[in-house]
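Per-entry structural report
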Amino acid sequence: MDKKGVFAMKVLVVGANGQIGKQLVTLLQASDEFSVRALVRTEEQVKAFDKIEVETVFGNLEETVEQLEVAVKGCDAVVFTAGSGGKTGYDKTLLIDLDGAVKMMEAAKNAGVERFVMVSALQAHHRKNWNEQIKPYYVAKYYADRILVESGLTYTIIRPGGLLNEAGTGKITVGENLGRGTIAREDVANTIFASLKEKNVCNKSFDLVSGETSILEAVRSL
């Protein structure tokens, strides 16, 4: 139930302190259709989310499935937008982007949560199109996405292009096989938000870059 006593989908945002995650949390918190829980790792993150009255729960993707299950219990959906980041080694890429993602899927299933939205990477589903400079990252995304598809969860996999910190345009292009492109993180967050509302993207995956179509129209076209 939301503050007005109306049923709202409760979403656990994994990676809530990241650049996309923070924007998504704000969107969910402002909506009457959703309530949000942010997965955090530090007291400083708790204090930041407390200021905007967002529920938090402690969790670490290197913990056990059972510990993560506690974090997701009571939610209706999970958005996985976490990542090890470019400053860590590829050991962390395996532990966070692959194993952490899979453990979160297992925790969701164990907790009875059916909906799972994954933020992946452009063309992660096609080995021949991987960026050779960050190939291990694409390996992690490729297998995490495959496991999600086979998990039995109701999935949506969003594969954005190169991420930009500039203001979003609200206009995107979506498709199964897009060429290289970029997109503002703000537009990625808004696309995730739209995907949580639109049932037609259940059990679908798509590439995402900037374009000329409004986010809602593009998502509904899938």
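What comes next concerns the included structure. Only a predicted model underlies this, so the values are computations on that prediction, with no experimental measurement involved.

A word on the sheet that holds strand β10 (residues 204–210)
- The sheet built from nine strands is open, its strands ordered β3-β2-β1-β4-β5-β6-β10-β8-β11 with mixed pairing. Where the open sheet ends on each side, the last strands, each with one partner, are β3 (55–58) and β11 (213–214).
- In this sheet, strand β4 (residues 77–80) lies alongside strand β1 (residues 9–14) in parallel orientation, the contact comprising four bridges. Bridged to valine 14 within β4 is phenylalanine 80.
- Against the sheet, helix α3 (residues 65–72) engages β1, β2 (34–40), β3 and β4, with an angle of about 150° to β2.

A few points about the packing of aromatic side chains
- In the structure shown here, the tally under the stated rule is five aromatic pairs.
- With 5.4 Å between their ring centres and 55° between their planes, phenylalanine 34 and phenylalanine 193 make a pair best called tilted. One end of the pair, phenylalanine 34, is in strand β2; the other, phenylalanine 193, is in helix α6 (residues 185–197), with 159 residues separating them in the sequence.
- You can call phenylalanine 34 buried: its relative accessible area is 5%.
- Geometrically, the ring pair formed by tryptophan 130 and tyrosine 142 is edge-to-face, given 5.6 Å between the ring centres and 70° between the ring planes. Here tryptophan 130, found in the loop between β5 (115–119) and α5 (135–149), pairs with tyrosine 142, found in helix α5; they are 12 residues apart in sequence, far enough to count as distant. The exposure classification of tryptophan 130 matches that of tyrosine 142, with both residues buried.
- Through successive ring pairs, a cluster of aromatic residues spans Trp130, Tyr137, Tyr138, Tyr142 and Tyr143.

Brief notes about the nonpolar core
- In this structure, Val11, Val13, Leu24, Leu28, Ile192 and Leu196 are the most contacted members of the largest nonpolar core, which totals 34 residues.
- If you tally residues by element for this core, the top one is α6, at six residues.
- With residues near it in sequence (within four places) discarded, leucine 24 still touches Val13, Val79, Ala189, Ile192 and Phe193.

Quick notes on α5
- Helix length check: α5, at 15 residues, gives a terminal C-alpha distance of 21 Å against a target of 21 Å (1.5 Å per residue), a fit within 8%.
- Regarding α5, the residues found buried are Tyr138, Ala140, Lys141, Tyr142, Ala144, Asp145 and Leu148.
- Those residues of α5 that are buried lie in contact with α4 (90–110), β5 and β6 (154–160).

Brief notes about the pairing of β3
- As defined by bridge partners, β2 adjoins β3 across four bridges and the pair is classed as parallel. Looking across to β3, one finds that alanine 38 is bridged to threonine 56.
- Taking the sense of rotation as the criterion, the β-α-β connection linking β2, helix α2 (residues 43–50) and β3 turns out right-handed.

Some details on the side chain of serine 120
- Inspection of the secondary structure assignment puts serine 120 in the loop between β5 and α5.
- Relative accessible area serves as the criterion here: at 4%, serine 120 is assigned to the buried category.
- In terms of polar contacts, serine 120 uses its side chain to reach the side chain of aspartate 145, at 2.6 Å.
- Excluding its chain neighbours within four sequence positions, the residues that come into contact with serine 120 are Tyr137, Lys141, Asp145, Ile157, Ile158, Arg159 and Pro160.

Concerning α2
- Regarding α2, the residues found buried are Gln45, Val46 and Phe49. Seen end-on, α2 carries its buried residues on one side only, within an arc spanning 105°. Every exposed residue of α2 that faces more than 90 degrees away from the buried side is listed here: Glu44 and Lys47.
- Where α2 is buried, its residues contact α1 (19–30), β2 and β3.

Some points on the pattern of salt bridges
- Overall, the coordinates contain 10 salt bridges when judged by the stated rule.
- Across the salt bridge formed by arginine 37 and glutamate 55, the nearest N and O atoms sit 2.8 Å from each other. With arginine 37 in strand β2 and glutamate 55 in strand β3, this pair connects stretches of sequence that are 18 residues apart.
- Overall, the relative accessible area of 9% leaves arginine 37 in the buried class.
- Residue glutamate 55 is classed as partly exposed on the basis of its relative accessible area of 32%.
- Across the pair lysine 141 and aspartate 97 runs a salt bridge, and its minimum N-O distance is 3.9 Å. Of this pair, lysine 141 sits in helix α5 while aspartate 97 sits in helix α4; the two residues are 44 residues apart in sequence, bridging distant segments of the chain.

What counts, and where the lines are drawn
- Residues numbered from 1 in each chain as written.
- Predicted model: local features only at pLDDT ≥ 70, side-chain atom pairs only at ≥ 80, totals over all residues.
- Heavy atoms only, no water.
- Pairing = 2+ DSSP bridges.
- Helix = DSSP H or I, 4+ residues; strand = E, 2+ residues; numbered from the N terminus.
- Contact = heavy atoms within 4.5 Å.
- Axes fitted to C-alpha atoms, helices over the stretch in contact; angles between N-to-C directions.
- Phe/Tyr/Trp six-rings, centres within 6.5 Å; stacked < 30°, edge-to-face > 60°.
- Buried < 20%, exposed > 50% of the residue type's maximum accessible area, 1.4 Å probe, protein only.
- Core = buried A, V, L, I, M, F, W, Y, C linked by side-chain atoms within 4.5 Å.
- Expected span 1.5 Å × (residues − 1).
- Right-handed = clockwise from strand over helix to strand, strands pointing away.
- Polar contact = N/O pair within 3.5 Å; in protein donor to acceptor, adjacent residues only side chain to side chain.
- Arc of directions from axis to C-beta.
- Salt bridge = Lys/Arg side-chain N within 4 Å of Asp/Glu carboxyl O.

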